[in-house]
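Descriptive analysis of the structure
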Amino acid sequence: MVNEALSSFGYGFSVYRNKYISLSAAAVFLLFLFVGYFVIYDNFNLYIHNPFVPTGLYVSGYDVSASSLLFVSVVLVSLYIVNFSLNEQRQFNGKVKLRQIISISNRTYPKFLITASAQIILSVIGCIFFVIPGLYLGMKTLFLGASSVYYDYDLLSSLRKAFSISKENSTNAFILFLLYFIVSVVLIYLALVVSNSILMSYIIYGFLLSFFLISFFSSTYKLIPLLSSKKSRLEELTSDLPGFGG
């Protein structure tokens, strides 16, 4: 039973052998660094924090609003790129072109945006305020975002599916979430020790965020078919696209 979780965990860090996924992670990193540091921090004098924390200089309400809008835009684009990375991992047997994967990603993105956002918010809030319940909640929602891509499900259907898979395979779900939780805590601690400037902090956290986010969702995406007998809706997603079917 444990082998599936360990295999999926390792898979999450092996996906960067795919050039498109590596470029996707690099794009998220550069986006976070450019907008986060050179625009939000350097131009508007704000740190990216929760909530935005002023640097000590005068910051107008307009600057805070503009920075918040930019930050939300970065999140939206980043989640689209993660969504694209998951679709890039579908088993297309080498017959699918990049433009077709992008077309599929455009279709799955709205549902993934909603489910992934809900999953991240619930897990982070749970772990910050209630560590033990947070681990439980993180395990229960582990497959929430990936289910929306794998099955083409909406939020409620993804919730039911995520709860069902994690309930039937609680050991694997808990181990995978715990591994990512431990690694993220260690990396954040090391980043705090190593970073000696604001720019270095943005570089380190941007790198961790971009690559870690794709790895996490890739691991859960990989684990779904190992634990669930229900097949994905790949045929429904691709049947109406040029070059598929027949």
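Use the structure listed above.
Residues numbered from 1 in each chain as written. Predicted model: local features only at pLDDT ≥ 70, side-chain atom pairs only at ≥ 80, totals over all residues. Heavy atoms only, no water.

Within the chain, the secondary structure is distributed over ten helices and two strands. Reading the helices (α) and strands (β) of the chain from amino to carboxyl end gives α-α-β-β-α-α-α-α-α-α-α-α. Within the chain, buried positions represent 46% of all 246 residues. In the chain, of all internal contacts separated by at least 6 residues, the share reaching a separation of at least 24 is 73%. For the chain, the exposed surface amounts to about 12800 Å²; the carbon and sulfur share of it is 68%. (Helix = DSSP H or I, 4+ residues; strand = E, 2+ residues; numbered from the N terminus. Buried < 20%, exposed > 50% of the residue type's maximum accessible area, 1.4 Å probe, protein only. Contact = heavy atoms within 4.5 Å. Areas by Shrake-Rupley, 256 points an atom, 1.4 Å probe, with all protein chains shown as cover.)

Phi is positive for aspartate 152, close to 60°, though the residue is something other than glycine. Examined against the element boundaries, aspartate 152 turns out to sit in the loop between helix 6 (144-150) and helix 7 (155-168).

As a further point, take the pattern of salt bridges. All chains considered together, the criterion is met by one salt bridge. Between aspartate 152 and lysine 111 there is a salt bridge, and its shortest N-O distance comes to 3.4 Å. Of the two residues, aspartate 152 sits in the loop between helix 6 and helix 7 while lysine 111 sits in helix 4 (residues 98-129), which places them 41 residues apart along the sequence. Assessed through its relative accessible area of 29%, lysine 111 is described here as partly exposed. (Salt bridge = Lys/Arg side-chain N within 4 Å of Asp/Glu carboxyl O.)

On inspection of all chains with the given rule, the structure shows 21 aromatic pairs. Between the aromatic rings of phenylalanine 9 and phenylalanine 13, the centroid separation amounts to 5.3 Å while the plane-to-plane angle is 70°, which identifies the pairing as edge-to-face. Both rings, one in phenylalanine 112 and one in phenylalanine 217, keep their centres 5.3 Å apart while their planes meet at 70°; by these two values the pair is edge-to-face. Of this pair, phenylalanine 112 sits in helix 4 while phenylalanine 217 sits in helix 9 (residues 198-227), placing them 105 residues apart in sequence. Each residue in the set Phe9, Phe13, Phe112, Tyr180, Phe212, Phe216 and Phe217 is aromatic and connected to the rest through ring pairs, giving one cluster. Note that lysine 222 overlies the ring of tyrosine 11, its terminal NZ or CZ placed 5.0 Å from the centroid. (Phe/Tyr/Trp six-rings, centres within 6.5 Å; stacked < 30°, edge-to-face > 60°. Lys NZ or Arg CZ within 6 Å of the ring centre and 35° of its normal.)

Attention shifts here to the packing of helix 1 (residues 2-12) against helix 9. At a closest axis distance of 8 Å, the pairing of helix 1 and helix 9 adopts a crossing angle of 145°. In the crossing of helix 1 with helix 9, the sense of the turn from one axis to the other is right-handed. For the pair helix 1 and helix 9, the contacting residues are Glu4, Ala5, Ser8, Phe9, Tyr11 and Gly12 in the first and Ser215, Ser218, Ser219, Lys222, Leu223, Leu226 and Leu227 in the second. Of the residues in the contact of helix 1 with helix 9, the class split is six nonpolar, five polar and two charged. (Axes fitted to C-alpha atoms, helices over the stretch in contact; angles between N-to-C directions. Left-handed = near helix turned anticlockwise from the far one by under 90°. Nonpolar A, V, L, I, M, F, W, Y, C, P; charged D, E, K, R; others polar.)

You can see glycine 138 is positioned in helix 5 (residues 131-140). Through-space distance from the C-alpha of glycine 138 to that of phenylalanine 181 is 9.4 Å; in sequence the pair is 43 residues apart. When sequence neighbours within four positions are dropped, the list of residues in contact with glycine 138 reads Ser123 and Phe177.

Another aspect to go through is the environment of leucine 23. Within the secondary structure, leucine 23 is located in helix 2 (residues 19-41). A sequence separation of 62 residues divides leucine 23 from serine 85, and the C-alpha atoms of the two residues are 9.7 Å apart.

Here the focus is the environment of lysine 111. A C-alpha to C-alpha distance of 7.7 Å links lysine 111 and valine 149, two positions 38 residues apart in sequence. Leaving out residues up to four positions away in the same chain, lysine 111 has contacts with Ser148, Asp152, Tyr153 and Asp154.

This next bit is on helix 7. Between its first and last C-alpha, helix 7 extends 20 Å over 14 residues, near the 20 Å set by a 1.5 Å rise per residue. Taken as a whole, helix 7 has its buried residues at Ser157, Ser158, Lys161, Ala162, Ile165 and Ser166. Down the axis, helix 7 shows its buried residues gathered within 150° of arc, on one side only. Of the exposed residues in helix 7, those oriented more than 90 degrees away from the buried face are Leu156, Arg160, Lys167 and Glu168. (Expected span 1.5 Å × (residues − 1). Arc of directions from axis to C-beta.)

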